[in-house]
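# Inside the fold
Okay, here's what each chain looks like letter by letter:
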Amino acid sequence: MRLRNVKGSREVMQSSEYVFADPKSMAGTWKDIFGNNNPIHIEIGMGKGMFITTLAMQNPNINYVGIEKYSSVLIRAVEKQNELALPNLKFIRMDAEGICDIFGKGEVDKIYLNFSDPWPKDRHAKRRLTSKEFFARYDKLLKADGEVHFKTDNRDLFDFSVEEVTNAGWKLKAVTYDLHNSDMNEGNIMTEYETKFSAEGKPINKLIANR
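I will try to describe carefully the structure that is included in this document.

Conventions used here
Residues numbered from 1 in each chain as written. Predicted model: local features only at pLDDT ≥ 70, side-chain atom pairs only at ≥ 80, totals over all residues. Heavy atoms only, no water. Helix = DSSP H or I, 4+ residues; strand = E, 2+ residues; numbered from the N terminus. Contact = heavy atoms within 4.5 Å. Buried < 20%, exposed > 50% of the residue type's maximum accessible area, 1.4 Å probe, protein only. Pairing = 2+ DSSP bridges. Right-handed = clockwise from strand over helix to strand, strands pointing away. Salt bridge = Lys/Arg side-chain N within 4 Å of Asp/Glu carboxyl O. 1 Å grid on protein atoms, 1.4 Å probe; cavity = no way out; pocket = protein on both sides within 12 Å on 5 of 7 lines; lining within 4 Å. Points joined across faces, edges and corners; volume = space filled by probe spheres on them. Nonpolar A, V, L, I, M, F, W, Y, C, P; charged D, E, K, R; others polar.

Along the chain, the position of N205 falls in strand β8 (residues 205–210). Discounting residues that sit within four places of it in the chain, N205 has contacts with F150, K151, T152, D153, N154, R155, F158, T176 and Y177.

Burial analysis of strand β2 (residues 40–44) places 5 of its 5 residues in the buried class, which makes it a mostly covered element. Residues I40, I42 and I44 of β2 are buried on one face, and the alternating residues H41 and E43, pointing to the opposite face, are buried as well. With 5 bridges connecting them, β2 and strand β3 (residues 63–68) associate as parallel partners. Each residue of the ladder has a partner; that of E43, found in β3, is G66. Note that the unit made of β2, helix α3 (residues 50–58) and β3 has a crossover that is right-handed. Looking at chain direction, β2 and strand β5 (residues 108–114) are connected through 4 bridges and run parallel. Bridging from a neighbouring strand, I44 pairs with L113 of β5.

Before going further, it helps to examine the pattern of salt bridges. Summed over the entire model, instances satisfying the criterion amount to 9 salt bridges. Across the pair D95 and K69 runs a salt bridge, and its minimum N-O distance is 3.4 Å. Of this pair, D95 sits in the loop between β4 (89–93) and β5 while K69 is found in the loop between β3 and α4 (71–84), placing the two residues 26 residues apart along the sequence. Under the relative-accessibility criterion, K69 is labelled partly exposed at 40%.

Okay, the layout of surface pockets next. Taken as a whole, the second largest pocket spans an internal volume of roughly 170 Å³. Contributing to the lining of the second largest pocket are 14 residues, with H149, G187, N188, I189 and K206 lying nearest its centre. Ranked by residue count, the leading element in the lining of the second largest pocket is strand β6 (residues 142–152), at 3 residues. Residue composition of the lining of the second largest pocket, grouped by class: 7 nonpolar, 4 polar and 3 charged.

Taken by themselves, the reported measurements are silent on function.
So this is what it looks like as C-alpha cells:
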C-alpha cells in the first residue's frame with residue numbers, strides 16, 4: 001500500500017512535545033517521562049490515533065504510548081493531541097521491530113494491536129505483529145500478568161495469530177470471531193478501521209493473550 005506523503009509531517013513530529021521521532025534507547029525511563037508510577041499501556045500500529053486517544057481521555061490514571069511507523073499517518077493523532085494536551089498520552093514514530101530498545105523488562109502493563117498489517121506472503125510472516133517473533137519481544141516488555149489484545153477483520157491473519165499464541169508458549173485468555181455480538185464487546189473502543197468494516201457488515205475478531 002502506497003501512503004500519501006503529507007507535507008510538513010516530519011516537521012510536526014520534530015516540534016511536538018508529545019511525540020518522539022527517531023527515538024534512541026528509552027527503556028526504563030517512562031515513569032520519569034510521565035512523572036508518575038501509573039500503569040503503561042501501548043498500542044503498536046496506532047494509525048490516526050482515535051483508539052488510543054479515546055482511551056487516554058477515559059482513563060487519566062493510565063499512561064498511554066502510541067507507536068506508528070509513518071509520519072503521514074501519525075500526524076493526525078499528533079495534531080489532535082496538540083489541541084487536547086492530555087498529560088497521559090505520548091507517541092513514538094518508529095518501526096515496531098526496535099520496541100525492546102524503547103521499553104524495559106516488565107515496564108508495560110498492556111499491549112494493543114488493532115487491524116495490523118497482515119503481511120500476507122508466507123516469507124513475511126515474522127513481520128506480523130502477532131508472530132511468535134513479536135510475542136518474544138512482548139514477553140520482555142510486559143509485566144508477569146500483562147496482556148496482549150488483538151483485533152482484526154482479517155480471518156486468515158486471525159487464525160494465524162491464534163496458532164502463534166500457542167506456538168509462542170502463551171495462552172489464549174479469550175477469543176471471539178464476532179466481537180460486536182459477544183460478551184467481549186463490553187467497553188470496546190472502536191478504531192477507524194473497525195468503524196468502517198463494521199458498517200460493511202464484516203465481523204470483527206478479537207483475542208486476548210497472556211502467559
